[in-house]
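Spelled out, the chains give:
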Amino acid sequence: MEKQVQVGRSDKSDLLLTLTMRRRGGIRIDLQSSVLGTFGEQIRRTVVGTLEQLGVRHAHVQVDDKGALDHVIMARVEAAVRALSPVAGPGVWPPRRAPRRQVAKDRLRRTRLYLPGNNPDLMLNAGLFGADSVILDLEDSVAPQDKGAARILVRNTLLAVDFGAAERIVRINPLATEFGALDLEVVVPAEPDTILIPKCEAASSVVEVEERVAALERQHRLRRNIWLMPLIETARGVLNAYEIATASQRVVALCFGAEDFSADIGAERTVEGKESFVARSLLVLAAKAARVQALDTVFSDVADVEGLVKSTEEAIALGFEGKGVIHPAQIEPIHRAFAPSPERIAHAQQVIAALEEAERRGAGVASLGTKMIDAPVVARARRTLQLAKALGLVE
């Protein structure tokens, strides 16, 4: 009996592919494409080449192409084959075009843009939006029946797409589900910068992910460490936040997830955020005590720019160093809110200049005007200048 499966989507930059396995007759392709005249033969070669590398010799493939690039075509073909029969080995990788690099542990993370891992069109252009981080999501934005195809597409995207200066984060599914371990096995060899661990409630969750990631790094001889970013979304996770943050040297930040947290405590999420104020404050304290970054939740109303700016300013006041983003239009207002004002920069420069002058004179105490400069003031001034330098506001 012939086995058949359909994968992909009939959307821009994607394709809908129906694969029927056969016992004989070779490979037959029925292709429809908006770019048939220009790229028809290339699409056919990519489909046939991927099938042959996966050991498929006899199949009927129906392709409805909407301008998919080679790495997307390869991902859809591999996902279809894997859905019908076991595939030994790592699968078929596209040529690596994304540069290998080690991102700094304390790099800027003002914005992290969530992208559905099953939507190639959104991922293709994500590097142009200017977010500090992009999150290729395999969890909430991907339906259970699409997770296998999504993790292959995310792997190929990590290899083939250059996201520019953005940190490349992959949100896996929890290891407690049937999907989490498979996500790591497929994605880690493609060397994302950071793994986002959802529904993190205890230090043991971080340790388990770290052990699996380290084993895969050794197996595939990867030369750099992949960072970890626990996502705190429950009351238990908040109460264990410090232990989570210190569970591994790979942890770079604690993130807060307001939607799941509100549901966990039985409260409605509000614009004011009263239901999560204590939890967010505790998360900031835990992150600071552990010397990692604290990153706030998303602001879910894309049309409310004023509300977004107020929410960002409140997050900054609490000690957060970044916010989640669900639409590219939210990036610029958040970056603007995080940028130190010219007045703050000038004051910070005056503080450091006064401190250096006091040190030259051998004075035990520095002052600016009538105010003494103590250690916390110096620390704030240095953080302001560090941020201003990173943003190109000072030399």
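Position numbers for residues start from 1 in each chain and track the written sequence from start to end. Where totals are concerned, whole chains, interfaces and linings use all residues; where local detail is concerned, this predicted model gives features only for residues with pLDDT of at least 70, and gives and counts side-chain atom pairs only at 80 or more. Each side-chain value is derived from all of the structure's non-hydrogen atoms; neither hydrogens nor water enter the calculation.

**Observations regarding the environment of Val56**
(1) Moving on: Going along the chain from the N terminus, every DSSP run of H or I of four or more residues is numbered as a helix, and every run of E of two or more is numbered as a strand. Following the sequence through the fold, Val56 ends up in the loop between helix 1 (36-53) and strand 4 (59-65).
(2) Moving on: Between the C-alpha atoms of Val56 and Met21, which are 35 residues apart in sequence, the distance is 8.2 Å.
(3) Moving on: Apart from residues no more than four positions distant in its own chain, Val56 is found in contact with Met21, Ile27, Leu51 and Val81. In this analysis, two residues are considered to be in contact whenever any of their non-hydrogen atoms come within 4.5 Å of each other.

**Focus on the packing of helix 11 (residues 305-318) against helix 12 (residues 331-338)**
The description of two helices packed together rests on the angle between their axes and the distance between the axes.
(1) Moving on: For every element, the axis is a line fit to its C-alpha atoms; helices are fit only across the contacting stretch, and the angle between N-to-C directions ranges from 0 to 180 degrees. Running from N to C, helix 11 and helix 12 cross one another at 35°; their axes reach a closest spacing of 9 Å. For helix 11 against helix 12, the interelement crossing comes out right-handed. Contacts between helix 11 and helix 12 involve Val305, Leu308, Val309, Thr312 and Ile316 on the former and, on the latter, Pro333, Ile334, Ala337 and Phe338.
(2) Moving on: Ten residues, namely Ala, Val, Leu, Ile, Met, Phe, Trp, Tyr, Cys and Pro, are considered nonpolar, four, namely Asp, Glu, Lys and Arg, are considered charged, and the remaining ones, Gly among them, are considered polar. In terms of residue class, the contact of helix 11 with helix 12 is built from eight nonpolar, one polar and no charged. In this scheme, a crossing is called left-handed if the near helix is turned counterclockwise away from the far one by less than a right angle; it is called right-handed if the turn is clockwise.

**Digging into helix 11**
(1) Moving on: For helix 11, with 14 residues, the first-to-last C-alpha span of 20 Å sits near the 20 Å given by 1.5 Å per residue.
(2) Moving on: A simple rule labels every residue: compare its accessible area, found with a 1.4 Å probe on the protein chains alone, to the largest value its type can have, and call it buried under 20%, exposed over 50%, or partly exposed in between. Among the residues making up helix 11, those that are buried are Gly307, Leu308, Val309, Ser311, Thr312 and Ala315.
(3) Moving on: The inward-facing, buried residues of helix 11 contact helix 10 (277-289), strand 11 (293-298), strand 12 (323-325) and helix 12.
(4) Moving on: Identification of polar contacts relies on pairs of N or O atoms within 3.5 Å, with a donor-acceptor requirement for protein atoms, meaning one able to donate a hydrogen and the other able to accept it, and with residues adjacent in sequence counted only if both atoms are side-chain atoms. N-cap assignment for helix 11: the residue whose side-chain oxygen lies 2.8 Å from the backbone N of Gly307 is Asp304.
(5) Moving on: Positive backbone phi, approximately 115°, marks Gly319, located one or two places after helix 11. By definition here, a helix of n residues has an expected span of 1.5 Å times n minus one.

**Concerning the packing of helix 10 against helix 11**
(1) Moving on: With their axes 10 Å apart at the nearest point, helix 10 and helix 11 run at an angle of 45° to one another. Of the possible angle classes, the one that applies to helix 10 and helix 11 is oblique. Contacts between helix 10 and helix 11 pair Phe277, Arg280, Ser281 and Val284 from the former with Glu314, Ala315 and Leu318 from the latter.
(2) Moving on: Split by residue class, the contact of helix 10 with helix 11 holds four nonpolar, one polar and two charged. In what follows, roughly perpendicular refers to angles from 65 to 115 degrees, roughly parallel to angles under 35, roughly antiparallel to angles over 145, and oblique to any angle outside these ranges.

**A closer look at the packing of aromatic side chains**
(1) Moving on: Aromatic pairs are defined between Phe, Tyr and Trp rings, using the six-membered ring for Trp, whenever the two ring centres lie within 6.5 Å; interplanar angles under 30 degrees are classed as stacked, those over 60 as edge-to-face, and all others as tilted. According to the stated counting rule, one finds one aromatic pair in the structure shown.
(2) Moving on: Taken together, a centroid distance of 5.3 Å and an interplanar angle of 55° make the contact between Phe256 and Phe261 tilted. Of the two residues, Phe256 and Phe261, neither departs from the other in class, the shared state being buried.

**Comments concerning the pattern of salt bridges**
Here the idea is simple: oppositely charged side chains can pair when their charged atoms come close.
(1) Moving on: Whenever a carboxyl oxygen of Asp or Glu lies within 4 Å of a side-chain nitrogen of Lys or Arg, that contact is scored as a salt bridge. Scanning the model with the defined rule gives 37 salt bridges in all.
(2) Moving on: Here Asp193 ties to Arg224 by a salt bridge, and the two come within 3.7 Å at their closest N and O atoms. Here the residue Asp193 occupies a position in the loop between helix 5 (180-187) and strand 8 (194-197), and Arg224 occupies one in the loop between helix 6 (203-219) and strand 9 (227-232), the gap between them amounting to 31 residues. Pair check on accessibility: Asp193 and Arg224 agree, each one buried.

**Topic: the sheet that holds strand 4**
(1) Moving on: When DSSP finds two or more bridges between two strands, those strands count as paired. The strand order across the open sheet built from four strands is 1-2-4-3, with neighbouring strands paired in mixed fashion. With one partner strand each, in any of the chains shown, strand 1 (3-8) and strand 3 (27-33) form the two edges of the open sheet. Neighbour to neighbour, the strand axes of the sheet diverge by 10° on average, direction disregarded.
(2) Moving on: Across six bridges, strand 1 lies against strand 2 (residues 15-21) in antiparallel orientation. Within strand 2, the position partnered with Lys3 by the bridge is Met21.

**Let's talk about the pairing of strand 11**
Successive side chains on a regular strand alternate, one facing one side of the sheet and the next facing the other.
(1) Moving on: Extensive coverage of strand 11 is indicated by the burial of six of its six residues.
(2) Moving on: Of the strand pairs in this sheet, strand 10 (residues 253-256) and strand 11 are connected by three bridges, and their pairing is parallel. Paired with Leu254 across the bridge in strand 11 is Ala294.
(3) Moving on: Pairing geometry for strand 11 and strand 12, over two bridges, is parallel. Directly across from Asp296, in strand 12, lies its bridge partner Lys323.

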